[in-house]
Amino acid sequence: MEQQHMDMFGMPKEWLDELIADWKEPLMGGLTMLAMSVLSDAQERIALGHDDTARQYINRAKYIIKQAEK
C-alpha cells in the first residue's frame, strides 16, 4: 500500500496527512489555500514538462479537497 501512495502522491500518505493537519492550524490559510498552492505547483511542473510529478501534485490536491469536505 505504501508504494501505491508513493506512486499516487509522490510522498507517503502520512506526510500528506501531517501537511493537512499543519494547514488546519490558525493563520496557515486552511485547506482551500493548501489545495490552491499544490495546484499552482502542478502548473509549474506542467510548464517544465514534468508530467508525472504534475500528476502526483494534482492527486495531492484532490486528496486535500476530499479531506476538507470531511
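Keep in mind that what you see is a predicted model, and the values were worked out from it rather than measured.

Draft legend 1. Just the side chain of N59, in detail. Along the chain, N59 falls in helix α4 (residues 51–68). Apart from residues no more than four positions distant in its own chain, N59 is found in contact with M8 and F9.

Draft legend 2. The nonpolar core, seen in detail. Residues L16, I20, L31, L34, V38 and I64 are the most contacted members of the largest nonpolar core, which totals 14 residues. Elements that contribute at least two residues to this core include exactly α2 (13–23), α3 (30–47) and α4. If one sorts the elements of this core by residue count, α3 sits on top with five residues. Every residue in contact with V38, bar those within four places of it in the chain, is listed here: Y57, R60, A61 and I64.

Draft legend 3. Just a nonpolar patch on the surface, in detail. Among the surface-exposed residues, L39, I46 and I58 lie close enough to one another that they form a single nonpolar patch of about 230 Å² accessible area. Following the sequence through the fold, I46 ends up in helix α3. The class for I46 is partly exposed, based on a relative accessible area of 47%.

Draft legend 4. Layout of the pattern of salt bridges. One pass over the full model with this rule turns up two salt bridges. D17 is paired through a salt bridge with K13; the nearest N and O atoms lie 2.9 Å apart. You can see D17 and its partner K13 sitting in helix α2, four residues apart, about one turn around the helix. With a shortest N-O distance of 2.9 Å, D52 and R55 are connected by a salt bridge.

Draft legend 5. Fine view of the packing of α3 against α4. Between α3 and α4, whose axes approach to 8 Å, the crossing angle comes to 170°. As judged from the angle between their axes, α3 and α4 are roughly antiparallel. Of the residues in α4, those in contact with L31, L34, A35, V38, L39, D41, A42, R45 and I46 of α3 are T53, A54, Y57, I58, R60, A61, I64, I65, Q67 and A68. Here the contact of α3 with α4 is composed, by residue class, of 14 nonpolar, two polar and three charged.

Draft legend 6. Quick peek at the packing of helix α1 (residues 2–9) against α4. The contact between α1 and α4 brings their axes to 6 Å, and the two run at 105°. Looking at the two axes, α1 sits roughly perpendicular to α4. Of α4, the residues touching α1 (which contributes M6, D7, M8 and F9) are R55, Q56, N59, R60 and Y63. Its residues assigned to classes, the contact of α1 with α4 comprises four nonpolar, two polar and three charged.

Cut-offs used in this document
Residues numbered from 1 in each chain as written. Predicted model: local features only at pLDDT ≥ 70, side-chain atom pairs only at ≥ 80, totals over all residues. Heavy atoms only, no water. Helix = DSSP H or I, 4+ residues; strand = E, 2+ residues; numbered from the N terminus. Contact = heavy atoms within 4.5 Å. Core = buried A, V, L, I, M, F, W, Y, C linked by side-chain atoms within 4.5 Å. Buried < 20%, exposed > 50% of the residue type's maximum accessible area, 1.4 Å probe, protein only. Patch = residues over 30% accessible without salt bridge, like charges linked within 9 Å, V, L, I, M, F, W, Y side chains within 5 Å. Areas by Shrake-Rupley, 256 points an atom, 1.4 Å probe, with all protein chains shown as cover. Salt bridge = Lys/Arg side-chain N within 4 Å of Asp/Glu carboxyl O. Axes fitted to C-alpha atoms, helices over the stretch in contact; angles between N-to-C directions. Parallel < 35°, antiparallel > 145°, perpendicular 65-115°, else oblique. Nonpolar A, V, L, I, M, F, W, Y, C, P; charged D, E, K, R; others polar.

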